[in-house]
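As a plain string of letters, each chain reads:
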Amino acid sequence: MHVLRRLGAFARDSRLILVASFLWGMGFSVIFLYLNFLYQGLGFTDAFVGFGNAVPQAALILFALPLARVADRIGFTRAMRYGITLAGAALCALAFVEHTALVLALVALWGVGGAATQTAINPLLAALESDHNRTYLFSASFAVSLAAGTLGNWLGGLLPHALESIWGLDPKGLEAIQWTVFGAGAVILAAAVPVLRMHNHRVVELPEGHFWQIPRDVRRLFLRILAANIPIGLGAGLIIPFLNIFVEGRFEVSFSTLGALFAWSQLGMAAAMMLQPWIAERIGKVSSMVLVQSLSIPFIIVLGFSRSFVLVAIALVIRSLLMNAANPIYAAFAMEQVPERWRASFSAMQAITWSAGWIVGPAFSGWLRGRIGFDAGFNVEFILMIGLYLIGIG
């Protein structure tokens, strides 16, 4: 009841951003489920699949900081409109191109759109609610996106089979996957509609300096807050982009089963994120983050090394729940520590440090599996992931 009362007190713009988060989360979950299979259907090697996963992260690293400064000037709401529109349009087009250069160009544009959205969302959430409700809005935004991901994974898992019934398409064939990716891109495009109805929120005092320039004292503050993100981002980048390939390849499950598994995973994360602010109020934000992330380590071990699909499925859901429950608390904590005029730049640096891990991690992961094989490659990568997580949590 306490949580529900906090949610009921949200302002109109807060409710609209939650609608946008729902649509973004639904579309992105389908992309996450099928993008690697799209690459495979286009004939990409394991190494190139890893490279394809790294491209949007590289685009984010290059453009996040200047896009944050643009967001400071044009307003966070307007930056989100442009970012969502660019990402959705690029994904819709990606569904129907097969030339390698065009695929990479569109994936890069998706990365730029995602960068604009990511750098604007946290400062916007911080501006929408007072300190009293801010942590709950961050948690609600993450939770709504993940709950939408639950629906997206279920529908995404069923859509290729529906296309088989309607058009006679092979549910694991390239054409069915392309139409599924197109539908996901259209849903992401629709997320711009509620943002169009929001007031434009911007900083009162603009940051000093050029687009890439951050004062030394502010850089030190950023580094203290972001230090744990670097090894955790690298560890996640080794495995998380390929969880769909890992589960499907090891247990030969159908897309509908895979979609249902990721749906339960995201539903669990959404529930945990709504409880995490209540825990943080009682033991502190930092302590609550360390607690839930530490508890995830045993489940990562089961996920990587068990040969039972049931145990792997349970471990995947619980690992996702625990490791991601801290995200909204961390985001709210960071926004409270950073001066308002530097919040967009901090969000950019946070996205950059995370994406750096998701460039090196996927590229190395794809290369390693190409060299030593599927099973041995994933065994080594899970060991590296666990080590990097322990460094970040410690």
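Residues numbered from 1 in each chain as written. Predicted model: local features only at pLDDT ≥ 70, side-chain atom pairs only at ≥ 80, totals over all residues. Heavy atoms only, no water.

## Here's the deal with the overall build of the protein chain
As a reminder of what qualifies: Helix and strand labels come from DSSP, where a helix needs a run of H or I of at least four residues and a strand needs a run of E of at least two; each type is numbered from the N terminus. For the exposure calls, accessible area comes from a 1.4 Å probe over protein chains only, and a residue counts as buried if that area is under 20% of its type's maximum, exposed if over 50%, partly exposed in between. Any two residues having at least one pair of non-hydrogen atoms within 4.5 Å are treated as being in contact. Accessible surface area values rest on a Shrake-Rupley calculation with a 1.4 Å probe, where residue burial reflects the displayed protein chains alone. Residues counted as positive are Lys and Arg, residues counted as negative are Asp and Glu, and His and the chain ends are not counted. To locate a charge, take NZ of a lysine, CZ of an arginine, CG of an aspartate or CD of a glutamate.
Along the backbone of the protein chain there are 18 helices and zero strands. Taking all 394 residues of the protein chain together, 57% fall into the buried category. The contacts of the protein chain with a sequence gap of at least 6 include a subset with a gap of at least 24, amounting to 86%. Of the roughly 15,700 Å² of accessible surface on the protein chain, 68% is carried by carbon and sulfur atoms. Averaging the locations of the 25 positively and 19 negatively charged side chains of the protein chain gives two centres separated by 9 Å.

## Regarding the pattern of salt bridges
To be explicit about the condition: Throughout this description, the term salt bridge denotes a Lys or Arg side-chain nitrogen within 4 Å of a carboxyl oxygen of Asp or Glu.
Applying the stated criterion to the full structure yields four salt bridges. Here Asp375 and Arg250 are joined by a salt bridge, their closest N and O atoms 3.3 Å apart. One end of the pair, Asp375, is in helix H18 (residues 374-393); the other, Arg250, is in helix H11 (residues 243-251), and 125 residues separate them in sequence. Residue classification places Asp375 among the partly exposed residues on the basis of a relative accessible area of 35%. Arg369 is paired through a salt bridge with Glu381; the nearest N and O atoms lie 3.6 Å apart. One end of the pair, Arg369, is in helix H17 (residues 343-372); the other, Glu381, is in helix H18, and twelve residues separate them in sequence. Given the relative accessible area of 0%, Glu381 is considered buried. Taken together, the shared-partner salt bridges in this structure form one network comprising Arg250, Arg307 and Asp375.

## Focus: the side chain of Arg319
Using the following cut-off: Here a polar contact means two N or O atoms within 3.5 Å. Within protein one must be a hydrogen donor candidate and the other an acceptor candidate, and residues neighboring in sequence count only if both atoms are side-chain atoms.
By secondary structure assignment, the location of Arg319 is in helix H15 (residues 309-325). No salt bridge is formed by the buried Arg319. Its closest oppositely charged neighbour is Glu381, at 14 Å. At 3.5 Å, the side chain of Arg319 and the side chain of Ser320 are in polar contact. With residues up to four places along the chain from it excluded, the contact list for Arg319 reads Ile240, Ser296, Phe299, Ile300, Leu303, Asn324, Met385 and Tyr389.

## Quick word on the confidence of the model for the protein chain
Rule in force here: Scored between 0 and 100, pLDDT is the confidence that the predictor attaches to each residue.
Across the protein chain, the average pLDDT comes to 84, with 95% of residues at or above 70. Within the protein chain, the lowest mean pLDDT, 55, falls on helix H1 (residues 2-8), and the highest, 95, falls on helix H14 (residues 297-305).

## Focus: the packing of helix H3 (residues 46-74) against helix H4 (residues 76-94)
The condition that has to hold: Only C-alpha atoms enter the line fits that serve as axes; for helices the fit covers just the stretch in contact. Angles between N-to-C directions range over 0 to 180 degrees. Any angle between 65 and 115 degrees counts as roughly perpendicular, while under 35 counts as roughly parallel, over 145 as roughly antiparallel, and the rest as oblique. Each residue gets one of three labels, nonpolar for Ala, Val, Leu, Ile, Met, Phe, Trp, Tyr, Cys and Pro, charged for Asp, Glu, Lys and Arg, and polar for the others, Gly among them.
Remark: H3 packs on H4, axes separated minimally by 6 Å, with the N-to-C direction vectors making an angle of 125 degrees. In terms of orientation, H3 and H4 fall into the oblique class. Judged by residue contacts, Ala71, Asp72 and Ile74 of H3 engage Phe76, Arg78, Ala79 and Tyr82 from H4. Taken together, the residues that form the contact of H3 with H4 break down as five nonpolar, no polar and two charged.

## Quick notes on the packing of aromatic side chains
Here is the rule we go by: Two aromatic rings from Phe, Tyr or Trp, using only the six-membered ring of Trp, form a pair when their centres are within 6.5 Å; if the ring planes differ by under 30 degrees the pair is stacked, by over 60 it is edge-to-face, and anything between is tilted.
Summed over all chains, the structure comprises 15 aromatic pairs. On the numbers, 4.9 Å between centres and 70 degrees between planes, the contact of Phe96 with Trp179 is edge-to-face. Residue Phe96 is located in the loop between H4 and helix H5 (100-128), and its partner Trp179 is located in helix H7 (residues 174-190); the two are separated by 83 residues in the primary sequence. For the pair Trp179 and Phe182, a centre-to-centre distance of 5.9 Å together with 80 degrees between the ring planes defines the contact as edge-to-face. One end of the pair, Trp179, and the other, Phe182, are both in helix H7, three residues apart, so they sit about a helical turn from each other.

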